[in-house]
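Understanding the architecture of this molecule
Single-letter residue listing:
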Amino acid sequence: MDTKYMKRALELSKKGKGYVNPNPLVGAVIVKNNKIIGEGYHHIYGGDHAEIDAFKNSIEDVNGATMYVTLEPCSHYGKTPPCAKTIVEKGIKKVVIALKDPNPLVSGRGIKILQDNSIEIVTGILEDECKKLNEIFLKYITSKLPFCIMKTAMTLDGKIASCTGDSKWITNEASRNYVHNLRNTVSGIMVGIGTILADNPFLTTRLNNGTDAERIIVDSTLRIPLDSNVLNLNSKANTIIATTEKANSKKLKTLEDMGACVIITPLKEGKVDLNYLIKTLGEFKIDSILLEGGSYLNYTALKENIIDKVYSFISPKFIGGNEAKTPIGGEGISFMKDAVRLKNINIHNFAEDILIEGYIEKNH
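Residues numbered from 1 in each chain as written. Predicted model: local features only at pLDDT ≥ 70, side-chain atom pairs only at ≥ 80, totals over all residues. Heavy atoms only, no water.

Brief notes about the overall build of the chain
To keep it simple, the criterion reads: Secondary structure counts use DSSP, requiring at least four H or I residues in a row for a helix and at least two E residues in a row for a strand, with both numbered from the N terminus. Partly exposed residues are those whose accessible area sits between 20% and 50% of the maximum for their type, while under 20% is buried and over 50% is exposed, using a 1.4 Å probe and protein chains only. Contacts are residue-level and defined by heavy atoms, with any inter-residue pair within 4.5 Å sufficient. Each accessible area value is a Shrake-Rupley result obtained with a 1.4 Å probe; residue values ignore everything except the protein chains displayed when judging cover. His residues and chain termini do not enter the charge count, which takes Lys and Arg as positive and Asp and Glu as negative. Where a charge lies is defined by one atom per residue type, namely NZ (Lys), CZ (Arg), CG (Asp) and CD (Glu).
Each helix and strand in the chain was counted, giving eleven helices and 16 strands. When the backbone C-alpha atoms are referred to their principal axes, the chain occupies close to 70 × 45 × 40 Å. The buried share of the chain, taken over its 364 residues, is 52%. Long-range pairs, those at least 24 residues apart, make up 70% of the contacts in the chain between residues at least 6 apart in sequence. A total of about 17700 Å² of accessible surface is found on the chain, and carbon and sulfur atoms cover 50% of it. Across the chain, the centroid of the 46 positively charged side chains sits 1 Å from that of the 42 negatively charged ones.

Here's the deal with the UniProt feature "binding site: NADP(+)" (unreviewed entry) in the chain
Condition: UniProt positions are given in the numbering used here, feature names are shortened, and annotations may be inferred rather than shown by experiment.
In the numbering used here, UniProt assigns the feature "binding site: NADP(+)" (unreviewed entry) to A153, W169, T195, D199 and S220. In sequence the annotated residues extend across 68 residues, and in space they extend as well, their farthest C-alpha pair lying 28.0 Å apart. For A153, the position within the fold is in strand β6 (residues 147-155). For A153, a relative accessible area of 18% corresponds to the buried category. If sequence neighbours within four positions are ignored, A153 has contacts with K159, I160, I170, T171 and F313. Tracing the chain through its elements places T195 in helix α8 (residues 193-199). Since its relative accessible area comes to 13%, T195 is described here as buried. Ignoring anything within four residues of it in the chain, the contact list for T195 reads N200, P201, E292, G293 and G294.

Structural notes on the sheet that holds strand β2 (residues 35-41)
To keep things clear, this is the line we draw: The criterion for strand pairing is that DSSP finds at least two bridges linking the strands in question. Only the stretch in contact is used when a helix axis is fitted, and all axes are lines through C-alpha atoms; the angle between N-to-C directions ranges over 0 to 180 degrees.
Here we have five strands laid out as an open sheet, ordered β2-β1-β3-β4-β5, and mixed in their pairing. Pairing within the sheet leaves two strands with one partner each, and these edge strands are β2 and β5 (120-123). This sheet shows a mean twist of 15° between the axes of neighbouring strands, independent of strand direction. Examined bridge by bridge, strand β4 (residues 94-99) and β5 share four bridges and lie parallel to one another. Considered in β5, the bridge of V95 is made with I121. Relative to the sheet, helix α1 (residues 2-13) contacts β1 (27-32), β2, β3 (66-71), β4 and β5, its axis offset from that of β1 by approximately 145°. The sheet contacts of helix α4 (residues 109-116) involve β4 and β5, and relative to β5 the element is tilted by about 150°.

Below, the structure written as structure tokens:
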């Protein structure tokens, strides 16, 4: 029974995708006499936590009931009061938790409050599923660094564009819709200046009720045209341009006057220092980044070891071309033994397209 109700809590938690960052996805279910009497989830950053939402939606008195919650109830005053205290006040007799709070500053304190008030605690129910669902939160809360996802799309012969630079479209509509859903779950989308110059993208989320991510442009010398789409959007999200001391100060001021946020990083091999940038973006409360860069930026991100996860789309097409670019460019890796490897791989199909999903082996 615990697994059944926790599955429901996990399903509820997914409804918060794209709306709660940098908070975790959390769902809660209240059960009394083997019947669900209340359900809730964390809807939006700064809003009610899942436990409070479930109490508000309850159709019966919750006194003596069991609560199933995907993450340990909070024990501190933040944007909302501590949920553990409310659980005690409501007379809940048992709390089943999927995952203990990973934040070392607060981990276990919510459970202790409950136990000190004679509430029975069960932990670890569907813990792995909860960790997978909250992989962004788990990295960010423990390191203050964004969870970085690299997305690539290529033909079967490994090309991301034709010899003329044409790339619309490599993948099918179903694959592209999946990417827009991915964009809706992250706080930032990062591309290099080459992508801006070649494609002039909007970098928005084309979903009904979708949320635009912050647009991050890596541009070491501020080559970005002032009429670029990313600088002229009606969007609540910001455009962030990462540059270096090589940038023209007059153009920098113009970009700031247009509303862009400009970050000046140290030079690293004559370019933007990606590790410095990632740390700064974390300080901006950007907990996750979808890297949709060109081949050079992808290579640099892998080289600098900032990528956590990869989504690689493969379309069954051939276009050839010695000059046609591949997903990973740069100088490349000299020996096969040093190749960047993926682990925990899953394979998905979108009609004829194939998606390979995996995580970077950090000790390669």
